[in-house]
Amino acid sequence: MNNSKLLNEVKTSFQQKRLKAEQECNEFITELCQDENFHKVYVTYSSAQLKLLRAQFENDKKTLQNDLSSLQNKLNSLLKQKNLNLNSLTPKYECKLCNDTGIVDGKLCTCIKKAMAVRKNALLNNNLGFKQFKDCKTDVMTDDDKKVCDLLTKWCNNYPEINKININLMGAPGTGKTFMLECVTSALIEKGYSVCFKTAFEFNELARLYHIGKAYDYSNLLNADVLVIDDLGSEPMLKNVTKEYLYNLINTRQIHGKPTLISTNLALNDLLDRYDERIFSRLVNKALSINITLSGKDKRIM
Ligand SMILES: [Zn+2]
């Protein structure tokens, strides 16, 4: 889905959100107006507001403003009896910056940018229920694991201002590699970036389908801001596919300065053996890569 289509889709959902907030507000006021006394004051208050809007002359404006503020006081004291205030009579928009219009000063508000990223990521990934750094059980984590957590958190905070664009998480099964990758994924989505999270098996299957002319979303792997390949080395090695597409992917993304994050049960030597020098040297590149081995003495602690 291209960006303008995505934006239109999100804008429509924002309009619906606004309408819903306004409808709920109207219903609430109608309910309050069951009280005859409140109803009277409210109607007078609303028409005074309208009159002020339409007033042309300064003198009229002043008189109307005075009327309005005394009506406002009356309304306020009635509302106070119900533990409410004047704010209770305005729609409850989610975003206080743009009132859910998605626009501030003629530019897209951060809230609509985030909504677009979430939508984009929902299209890229099967689910958005990724683990988050706050899910880390720091009380049972080893000091080494805590350091890894801090390092990755910092990397996410700094993104996209980063020098190291590859992260390789190594370690035995159950040391929390997938967990850490999920935390990075959700932190970046939260910042409004697109992250394509695939298991190596899924990557391999997409590459195979693309190779025989069947998959259409392979470009997501190339174009996502950040690509995550979980459990590299677990995929079957397909002739003319696995190595070729992996190289193309990592190389193309590296040329465009786009991060690729992997996790693997393989040690560096095994990575070199399984893939070839070209892939290995791009994955494990001193200037561009962070290599982390998780010790994870306590298995499945996160
Ligand atoms: Zn907003």
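Predicted model, so just to flag it, every value in this text is computed and none were measured.

Calculation notes
- Residues numbered from 1 in each chain as written.
- Predicted model: local features only at pLDDT ≥ 70, side-chain atom pairs only at ≥ 80, totals over all residues.
- Heavy atoms only, no water.
- Helix = DSSP H or I, 4+ residues; strand = E, 2+ residues; numbered from the N terminus.
- Rg over C-alpha atoms; globule rule 2.2 N^0.38 Å.
- Buried < 20%, exposed > 50% of the residue type's maximum accessible area, 1.4 Å probe, protein only.
- Contact = heavy atoms within 4.5 Å.
- Areas by Shrake-Rupley, 256 points an atom, 1.4 Å probe, with all protein chains shown as cover.
- Phe/Tyr/Trp six-rings, centres within 6.5 Å; stacked < 30°, edge-to-face > 60°.
- Lys NZ or Arg CZ within 6 Å of the ring centre and 35° of its normal.
- Donors = N, O, S within 2.8 Å, 3.2 Å for Na, K, Ca; no water.
- Tetrahedral: all angles 85-135°; square planar, octahedral: opposite > 155°, others 65-115°.
- Expected span 1.5 Å × (residues − 1).
- Arc of directions from axis to C-beta.
- Axes fitted to C-alpha atoms, helices over the stretch in contact; angles between N-to-C directions.
- Parallel < 35°, antiparallel > 145°, perpendicular 65-115°, else oblique.
- Left-handed = near helix turned anticlockwise from the far one by under 90°.
- Nonpolar A, V, L, I, M, F, W, Y, C, P; charged D, E, K, R; others polar.
- Pairing = 2+ DSSP bridges.
- Right-handed = clockwise from strand over helix to strand, strands pointing away.
- Salt bridge = Lys/Arg side-chain N within 4 Å of Asp/Glu carboxyl O.

Broken down by element type, the protein carries 11 helices and 7 strands. Expected size for 302 residues packed as a compact globule is a radius of gyration near 19 Å; at 28 Å, the protein overshoots this value by more than 25%. Its C-alpha atoms give the protein principal-axis dimensions of about 85 × 45 × 35 Å. Scored against the burial criterion, the 302 residues of the protein give a buried share of 40%. Look at the contacts in the protein between residues 6 or more apart in sequence, and 77% of them connect residues 24 or more apart. Summed over its atoms, the accessible surface of the protein is roughly 17,600 Å², and 50% of this surface lies on carbon and sulfur atoms.

In this section: the packing of aromatic side chains. Inspection of every chain in the model, using the stated rule, returns 7 aromatic pairs. Pairing phenylalanine 38 with tyrosine 42 gives two aromatic rings, centres 5.9 Å apart and planes at 10°, and the pair type is stacked. Of this pair, phenylalanine 38 and tyrosine 42 both sit in helix α2 (residues 36-54), 4 residues apart, which is roughly one turn of the helix. Residue phenylalanine 38 shares its accessibility class with tyrosine 42, and that shared class is buried. Here tyrosine 210 and tyrosine 218 contribute two aromatic rings whose centre-to-centre distance is 4.8 Å and whose plane-to-plane angle is 20°, an arrangement assigned as stacked. Judged by relative accessible area, tyrosine 210 falls into the partly exposed class, the value being 40%. Residue classification places tyrosine 218 among the buried positions, given a relative accessible area of 3%. The rings of Trp155, Tyr159 and Tyr193 are connected pair by pair, giving a single aromatic cluster. Here the basic side chain of arginine 278 rests over the ring of tyrosine 247, its NZ or CZ set 3.8 Å away from the ring centre.

Before going further, it helps to spend a moment on the coordination of the zinc ion. At 2.3 Å from the zinc ion lie its protein donor atoms, namely Cys95 (SG), Cys98 (SG), Cys109 (SG) and Cys111 (SG). Around the zinc ion, the 4 donor atoms sit at angles spanning 100 to 113°, and that spread fits a shape best called tetrahedral. Given a relative accessible area of 2%, cysteine 109 falls into the buried group.

What follows is about helix α5 (residues 143-158). For α5, built from 16 residues, the straight-helix expectation of 22 Å at 1.5 Å per residue is met to within 8% by its first-to-last C-alpha distance of 23 Å. Taken residue by residue, α5 has Asp145, Val148, Cys149, Leu152, Trp155 and Cys156 as its buried positions. An end-on view of α5 places all buried positions within 125° of arc, on one side of the element. Turned more than 90 degrees off the buried face of α5, the exposed positions are Asp143, Lys147, Asp150, Lys154 and Asn157. Buried residues along α5 sit in contact with β3 (166-170), α6 (177-190), β6 (260-264) and β7 (289-293).

Two elements in contact, α5 and α6, have axes separated by 10 Å at closest approach and are oriented at 25°. Judged by the inter-axis angle, α5 sits roughly parallel to α6. Two packed elements cross with a definite hand, and for α5 against α6 that hand is right-handed. Along its contact with α5, which presents Asp145, Val148, Cys149, Leu152, Trp155 and Cys156, the element α6 presents Met180, Val184, Ala187 and Leu188. A breakdown of the residues in the contact of α5 with α6 according to their chemical character gives 9 nonpolar, no polar and 1 charged.

Of all the 7 residues making up strand β5 (residues 226-232), 6 are buried; the element is thus mostly covered by neighbouring parts of the structure. With 4 bridges connecting them, β5 and β6 associate as parallel partners. Across the sheet, residue leucine 227 finds its bridge partner in β6, namely threonine 260. Viewed along the sheet, the connection from β5 through helix α9 (residues 242-255) into β6 turns out right-handed.

Okay, α9 next. Between its terminal C-alpha atoms α9 stretches 20 Å, which fits the 20 Å expected from 14 residues at 1.5 Å a residue. Among the residues of α9, Thr242, Tyr245, Leu246, Tyr247, Leu249, Ile250, Asn251, Arg253 and Gln254 are the ones counted as buried. Elements that come into contact with the buried residues of α9 comprise β3, α7 (200-211), α8 (219-223), β5, β6 and α11 (277-283). Phi turns positive one or two residues past the end of α9, at glycine 257, with a value near 70°.

All chains considered together, the criterion is met by 9 salt bridges. The shortest N-O distance in the salt bridge between lysine 20 and glutamate 24 comes to 3.5 Å. Here lysine 20 and its partner glutamate 24 are both found in helix α1 (residues 3-32), 4 residues apart, which amounts to about one turn of the helix. The exposure class of lysine 20 is exposed, given its relative accessible area of 51%. On the accessibility criterion, glutamate 24 (45% relative accessible area) is partly exposed. Note that glutamate 205 is salt-bridged to arginine 208, the shortest N-O span being 2.8 Å. On the criterion of helical spacing, the pair formed by glutamate 205 and arginine 208 is a turn pair, its members being 3 residues apart in helix α7.

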